[in-house]
Amino acid sequence: VESEVYSKIFSLVHSKAARGDERLAGVAALDALISVPSSDEEKKAIRFGNNLSHGLKAPYADFEFLHAIAKALGKMSLRSANVDRVEFEIVRCLEWLRTDRSDRKLAA
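The text that follows walks through the structure, step by step, so that each part is easy to find. The structure presented is a predicted model; accordingly, all values stated were derived computationally and were not measured. (Residues numbered from 1 in each chain as written. Predicted model: local features only at pLDDT ≥ 70, side-chain atom pairs only at ≥ 80, totals over all residues. Heavy atoms only, no water.)

### Concerning the nonpolar core
Counting 19 residues, the largest nonpolar core has Val27, Leu30, Phe48, Leu52, Leu56 and Ile69 as its most contacted members. At the level of elements, helix H1 (2-13), helix H2 (21-33), helix H3 (41-56) and helix H4 (63-79) are the ones that each hand at least two residues to this core. Of the residues forming this core, the biggest block, 7 residues, is contributed by H4. Not counting residues within four places of it along the chain, the set of residues in contact with Ile69 comprises Val27, Leu52, Gly55 and Leu56. (Core = buried A, V, L, I, M, F, W, Y, C linked by side-chain atoms within 4.5 Å. Buried < 20%, exposed > 50% of the residue type's maximum accessible area, 1.4 Å probe, protein only. Helix = DSSP H or I, 4+ residues; strand = E, 2+ residues; numbered from the N terminus. Contact = heavy atoms within 4.5 Å.)

Structure (structure tokens):
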């Protein structure tokens, strides 16, 4: 059941709907579930991190969506024992700040 719920939420985060409400609802759901215990915490952290991180690169990402993702990733980093994820995101953000692409700078 847990996997089915997560899959539905991930599909909301990556929705290509014209309105961003579905995407924001998906990110809000992930944010709320970060602190909920799971049968496999490590797998949950990896799946959540990958899906949120992927959202940063989405072509449809606006400020509100990026802000919600950043908030959720920050919350995850406080709970996560996965230091590699935090380091990866920091390095990527620093690289994006050096680029000329304004969408990447905003996501960083």
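### Digging into the pattern of salt bridges
By the definition in use, this model includes 2 salt bridges. Residues Asp31 and Lys71 are paired through a salt bridge, measuring 3.9 Å at the closest nitrogen-oxygen approach. With Asp31 in helix H2 and Lys71 in helix H4, this residue pair connects regions lying 40 residues apart in the sequence. Among the residues examined, Lys71 registers a relative accessible area of 52% and is labelled exposed. Between Asp31 and Lys75 there is a salt bridge; the shortest N-O distance is 3.7 Å. Linking Asp31 in helix H2 with Lys75 in helix H4, this pair joins segments that are 44 residues apart in sequence. Residue Lys75 is classed as partly exposed on the basis of its relative accessible area, which comes to 30%. Among the ionic contacts, a cluster of salt bridges with common partners joins Asp31, Lys71 and Lys75. (Salt bridge = Lys/Arg side-chain N within 4 Å of Asp/Glu carboxyl O.)

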